[in-house]
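# Fold and contact review
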Amino acid sequence: MRHVLSALALSLALGPAPSPAAEPGLHGFALANGLAVVVIEDHRAPAVTQMLWYRVGSADDPAGQSGMAHFLEHLMFKATGRLADGELDRIVEENGGSFEAFTATDQTAFGERIAADRLDLVMGMEADRMVNLAPSEASLRAERAVVVEQRRQVLDGTPDGAFDERLRAALYPDSPDGRSTIGSEAEIAGFSRAAAMAFYRAHYAPNTAILVVAGDVGTDAVRRMAEAHFGPIPPVPLAPRPARPEERRHPGTPPIEVRDARVPVPQLTRVYLAPARRAGDQTEAAALVVLADLLGAERVTSVMARALAGADGVALAAEASYSDLGFELYLVPKPGVDGGAAEAALDAMIARFLEDGPDPQEIERIRGRVRASEIYRLDDVASRAHRVGEALTSGLTLADVEAWPDVLAAVTVADVRAAAADVLGSGAFVTGWLLPTAPAPGGPSQ
């Protein structure tokens with residue numbers, strides 16, 4: 001899902017107001033400067049979750065500056081015109097709150113969970129750092145070292161991190177989706193204050209942002225606060241993002257292999273290219289959610305468990321999932337089962353499923369369970385703030401968010417079968433092996 005960054009697009013992203021039956025208390029509006037605002041009213045507890053989502057992520061890293069969006073996330077906790085380094089963190093904690101921040105491919109988000117009567121305080125601080133960020137050279141150098149160390153610990157220092165990075169790069173070789181969010185160490189080390197501030201001024205503005213406030217608040221009160229704090233901030237000129245290269249849709253991508261002494265047993269991961277939720281047309285994505293549950297969500301009764309992990313199967317464990325990376329199949333071969341046999345059994349299972357199709361009774365059971373889990377998520381205001389912000393920064397609308405549980409409930413056997421054929425039958429996948437240390441010369445391959 002790709003975005004057109006403009007004030008008009010941000011306003012239209014809110015879409016028509018959703019019906020209260022599926023998303024109670026959900027309201028959206030936009031300020032004149034392009035800031036989109038969503039309020040999720042829930043008065044059961046005197047607390048709020050505020051999240052400010054920016055439509056900028058690692059996909060927007062300039063050439064030769066991989067990790068810049070993530071680096072800006074770190075810098076946003078440095079000095080502004082009003083606050084010293086780390087003062088925002090301190091003020092939130094002293095007022096009994098907590099905070100979070102993260103960067104993904106297409107978005108960067110900052111959030112605070114705090115008492116409802118402190119919302120004006122944290123909203124003012126978010127507005128301040130949207131426009132007044134002023135890190136010193138010394139703090140920038142220190143944070144650059146922090147990010148380099150984070151990369152070493154999270155990616156370079158763990159077998160899972162190195163494996164996941166290589167798998168993503170192999171699946172998306174020509175797209176920003178294949179890049180690490182953290183970036184490369186060599187490029188991070190070269191970040192200058194001038195480059196960081198140029199990126200900040202280009203991407204941090206009201207017309208690139210969505211403010212989500214969930215909890216014990218009223219829409220009119222949030223509107224007044226948003227107008228007071230964010231209303232005076234001018235928008236910035238925006239250029240459309242370059243079009244993503246077409247992901248490869250042909251077989252033949254070589255498998256990847258990562259060996260590490262800390263890996264206890266061989267592990268196979270296969271990731272297929274898969275479509276994300278599309279604005280106004282979420283049927284295939286909903287079918288893939290149901291397909292993942294059907295194939296591998298349960299350890300004993302799922303299709304993969306019965307075919308691969310039973311008494312006569314090749315695997316100790318077999319699972320499936322659907323995420324922003326793609327559609328993922330995972331298994332751990334039993335001792336003595338080599339990699340070739342495990343992959344052959346997985347291929348045979350997929351071929352049988354594509355030929356026979358899903359069991360209608362299983363689809364009915366899983367469809368109800370998946371829909372119920374979506375409805376239960378409405379009980380958690382922080383989760384609602386996350387899912388609304390993520391949806392809107394991914395090109396969806398409030399109407400799409402509101403419709404999602406009903407789209408899941410409407411998934412048919414034909415939908416699941418078509419989604420399986422489109423994704424599992426495409427041949428567009430990467431297989432990766434995470435293995436213990438290399439075998440002795442002449443020994444078995446795994």
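Scroll up a little and you will see the structure.
Presented here is a report on the structure given in the accompanying data block. Starting afresh in each chain, residues are numbered from 1 along the sequence in its written order. In keeping with the predicted nature of the model, local features appear solely for residues at pLDDT of at least 70, side-chain atom pairs appear and are counted solely at 80 or more, and the whole-chain, interface and lining totals rest on all residues. Only hydrogens and water are set aside when side-chain values are computed; all heavy atoms of the structure are taken into account.

### Observations concerning the overall build of the protein
Think of it this way: any DSSP run of H or I at least four residues long counts as a helix, any run of E at least two long counts as a strand, and we number them from the N terminus. Along its length, the protein carries 16 helices and eleven strands. Whereas a compact globule of 446 residues would reach a radius of gyration of roughly 22 Å, the protein reaches 23 Å, a difference of no more than 12%. Overall, the protein is about 65 × 50 × 40 Å in size when its C-alpha atoms are taken along their principal axes. Only protein chains enter the area calculation, which uses a 1.4 Å probe; residues under 20% of their type maximum are buried, those over 50% are exposed, and those in between are partly exposed. Classification of the 446 residues of the protein by burial places 51% in the buried group. Note that the radius of gyration is over C-alpha atoms, with the globule rule given as 2.2 Å times the number of residues to the power 0.38.

### Brief notes about the environment of R129
Mapped onto the secondary structure, R129 falls in helix α4 (residues 119–131). It only takes one pair of heavy atoms within 4.5 Å for two residues to be counted as in contact. For R129, the residues in contact, after removing those within four places along its chain, are M76, F77, T80, L88, F110, E112 and Y200.

### Section: the packing of aromatic side chains
Each pair of aromatic rings taken from Phe, Tyr and Trp, with Trp reduced to its six-membered ring, is defined by centres within 6.5 Å and is described as stacked if the planes are under 30 degrees apart, edge-to-face if over 60, and tilted in the remaining cases. For the coordinates displayed, the defined rule picks out ten aromatic pairs. Taking the centre distance of 4.3 Å and the plane angle of 40° together, the rings of Y54 and Y204 count as tilted. Here Y204 lies in the loop between α8 (193–203) and β6 (209–215) and Y54 lies in strand β3 (residues 47–54), a separation of 150 residues in the sequence. Among the residues examined, Y54 registers a relative accessible area of 0% and is labelled buried. Residue classification places Y204 among the buried residues on the basis of a relative accessible area of 4%. Ring centres of Y272 and F429 lie 5.0 Å apart, and the angle between their planes is 50°; this geometry places the pair in the tilted category. Taken together, the residues Y272 in strand β8 (residues 267–272) and F429 in strand β11 (residues 429–435) connect sequence positions 157 residues apart.

### Quick look at helix α16 (residues 413–423)
Along an α-helix, residues three or four apart share an orientation, since each turn contains 3.6 residues. Of all the residues in α16, the buried ones are V416, A419, A420 and V423. Taken down its axis, α16 places every buried residue within 100° of arc, on the same side. Turning to α16, the residues buried within the fold contact β8, α10 (283–296), β10 (327–333), α12 (339–356) and α13 (360–376). Arc, as used here, means the arc of the directions from the helix axis to the C-beta atoms.

### A few points about the side chain of S302
Looking at where S302 falls in the secondary structure, it is placed in the loop between α10 and α11 (303–308). Contacts described as polar in this section are N or O atom pairs within 3.5 Å, which, within protein, must combine one atom able to donate a hydrogen with one able to accept it, while residues neighboring in sequence count only if both atoms come from side chains. Of note is the side chain of S302, whose polar atom sits 3.1 Å from the backbone nitrogen of A305. The contacts of S302, once residues within four sequence positions are left out, are L294, L295, G296 and A297.

### Looking at the sheet that holds strand β1 (residues 26–30)
Taken in spatial order, the six strands make up an open sheet running β1-β2-β6-β3-β5-β4, and their pairing is mixed. The two strands at the open ends of the sheet, each matched to only one other strand, are β1 and β4 (98–103). For this sheet, the mean angle separating the axes of adjacent strands, direction not counted, is 15°. Two strands are counted as paired when DSSP detects at least two bridges linking them. Sheet topology note: the β3/β6 ladder contains seven bridges and is antiparallel. If you follow T49 over to β6, its bridge partner there is A214. Of the strands in this sheet, β4 and β5 (108–115) touch helix α3 (residues 87–94), which is tilted by about 140° from β4. Contacts from helix α9 (residues 219–229) reach β1, β2 (36–41) and β6 within the one sheet, and its direction differs from that of β2 by about 150°. Convention adopted: a line fitted to C-alpha atoms gives each axis, helices being fitted over their contacting stretch, and angles between N-to-C directions are expressed from 0 to 180 degrees.

### Some words on the layout of surface pockets
Reported here for the second largest pocket is a volume of approximately 600 Å³. Of the two site types, the cavity is a set of points on a 1 Å grid over the protein atoms alone where a 1.4 Å probe fits but cannot get out, and the pocket is an open set with protein on both sides within 12 Å along at least five of seven lines, each lined by residues with an atom within 4 Å of a point. Lining of the second largest pocket is provided by 25 residues; of these, L155, D160, D164, E165 and R168 occupy positions nearest its centre. The element contributing the most residues to the lining of the second largest pocket is helix α6 (residues 159–171), with six residues. In terms of residue class, the lining of the second largest pocket is made up of nine nonpolar, nine polar and seven charged. Grid points are joined across faces, edges and corners, and a volume is the space filled by probe spheres set on the points. The residue classification treats Ala, Val, Leu, Ile, Met, Phe, Trp, Tyr, Cys and Pro as nonpolar and Asp, Glu, Lys and Arg as charged. All others, Gly included, are polar.

### A word on the sheet that holds β10
Strand order in the open sheet made by the five strands is β7-β11-β8-β10-β9, with mixed pairing throughout. Looking at the sheet topology across the chains shown, the edges are occupied by β7 (256–259) and β9 (315–322). Between one strand axis and the next, the sheet turns through 15° on average, direction left out of account. Two strands pair when backbone bridges link them, and β7 and β11 are joined in this way by four bridges, in the parallel orientation. Its bridge partner being in β11, I256 is matched across the sheet by G432. Packing against the sheet, α6 makes contact with β7, β8 and β11, and its axis sits at approximately 160° to β11.

Keep in mind these numbers describe shape, not what the thing actually does.
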